[in-house]
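Per-entry structural report
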Amino acid sequence: MCYNARHMTPAYDVIIIGLGGMGSAAAYHAARRGRRVLGIERHTIAHTLGSSHGRSRIIRQAYFEDPAYVPLLLRAYDLWRQIERDSGVHLLTITGGLMIGSPESHTVAGALRSAQEHGLEYELLDAATIRRRFPPLRPVEGTVALYEHQAGFVRPEASVAAHLRRAAALGAHLRFEEPALAWEADAGGVTVTTTRNRYTAERLIVAPGPWAPRLLADLGAPLVVERQTLHWFAPKGGVEPFLPDRFPIYIWEAEDGTQFYGFPHQEGPPGGVKVALFRAGEPCDPDTVDRAVHPAEIAAMRSAIAHRIPTLNGKHLASAVCMYTTTPDQHFVVGLHPQHPNVVIASPCSGHGFKFASVMGEILTDLALDGATRHPIRLFDPQRFR
């Protein structure tokens, strides 16, 4: 909620509510520009209770959702490499990527459109070629794939932690386990009330992840939080065919339009190979979401992979729950608040946002400090649903 506020001299240049994927990157970029930054997070650093966990997130350039995302992705790659250099932490692994389905499927046709519109390097593979080059995958005849060499995955928890550690090293003040209750804004600045204190600043970035419907209720944006499940299986015969140097990330659109996605094997717990259904969840509340994964959900995942990646359908090792904040058009909500130009709205959401965290940090900082950004974000206008 927001309402007019009376302020003393602001203590900070910018306050950031939410230090997940987007907020952590914004804290890093704002601190890197020498600004007084306060970050507020309701949970611990790089926690697993929101939308920025799961050990791996796909990153890709031939973007089937809309070609308008591609320029942002190209910049995101540069900035992932920047934070890797600044932090000394390996965050981005390039494995190549497959967008799999029928030739007319949204996954394949949309990826092809983006690749052609932006001159990206790609290959079109038929089913026999997919099976030969990536033996665990068993597509039926008529299935095709767009293969892009620059796809891979980002490590979400490590990325959040790297951004925040660098932000703190650059002088940002970061407060954890301190939920934001409300914010106020007027021409003189902003005030944020938390469970512990009241803080003032010239500008505010609201990046609350699945708590967005609560903290951005005044926008009237139709944000819905959905519960999602992630799964790790032990492949029959071992993980060697799924190692990152021989197995790519993929998104596979089935004949009924259902999508599932997966990764190569990653070292460390829980082991095995990760796979998940895409946008298959039910609406939930982030404070009361069911964090148990049930047998029927594991069975649904097995059903998706049983004939398509049969060797992956081995022992179920682990599951996790995360949340997507979704919009009706499945695009982000990013921009200046329509009533308060010193407040930046940040909900790069709908289940495909994390790969953009690095560039979103730059965009949110631009908007907060300069009131504008050079990046193309018209598609994400917070007022488009009015």
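One structure accompanies this document, and this report is about it. Quantities reported herein were computed from a predicted structural model and do not represent experimental measurements. (Residues numbered from 1 in each chain as written. Predicted model: local features only at pLDDT ≥ 70, side-chain atom pairs only at ≥ 80, totals over all residues. Heavy atoms only, no water.)

With respect to unusual backbone geometry
So the rule is basically this: Only runs of H or I of at least four residues qualify as helices and only runs of E of at least two qualify as strands under DSSP, and these elements are numbered from the N terminus. For every residue, the accessible area obtained with a 1.4 Å probe (protein chains only) is divided by the maximum for its type, and the residue is called buried under 20%, exposed over 50%, and partly exposed between those limits.
Look at the link from Pro269 to Pro270: it is a cis peptide, with omega at 5°. Relative to the elements of secondary structure, Pro270 occurs in the loop between strand 15 (259-265) and strand 16 (273-277). In the Ramachandran plot, Ala46 falls in the positive-phi region, its phi being about 50° despite a non-glycine side chain. You can see Ala46 is positioned in the loop between strand 2 (37-40) and strand 3 (57-59). Under the relative-accessibility criterion, Ala46 is labelled partly exposed at 22%. Look at Glu177: it is not a glycine, yet its phi comes out positive at around 50°. By secondary structure assignment, the location of Glu177 is in the loop between strand 9 (173-175) and strand 10 (180-186).

Some thoughts on helix 1 (residues 21-32)
Here is the rule: A helix is expected to span 1.5 Å multiplied by its residue count minus one.
With twelve residues, helix 1 extends 17 Å between its outermost C-alpha atoms, agreeing within 8% with the 16 Å of an ideal straight helix rising 1.5 Å per residue. Summarising burial for helix 1: eleven of the twelve residues are buried, a large majority. Positive phi appears at Gly34, one or two residues downstream of helix 1, with a value of about 80°.

Comments concerning the packing of aromatic side chains
The test is simple: Aromatic rings from Phe, Tyr and Trp, taking only the six-membered ring of Trp, are treated as a pair when their centres fall within 6.5 Å; an angle between ring planes under 30 degrees marks them as stacked, one over 60 as edge-to-face, and anything in between as tilted. The criterion for a charge sitting over a ring is simple: Lys NZ or Arg CZ within 6 Å of the ring centre, and within 35 degrees of the ring normal.
Considering all chains together, one arrives at 17 aromatic pairs under this definition. Geometrically, the ring pair formed by Phe278 and Tyr324 is edge-to-face, given 6.1 Å between the ring centres and 70° between the ring planes. Of this pair, Phe278 sits in the loop between strand 16 and helix 7 (295-305) while Tyr324 is found in strand 17 (residues 315-326), placing the two residues 46 residues apart along the sequence. These aromatic residues form a ring-pair network of at least three members: Tyr63, Tyr69, Phe332, Phe356 and Phe380. Lying across the ring of Tyr147, Arg133 places its NZ or CZ 5.2 Å from the centre.

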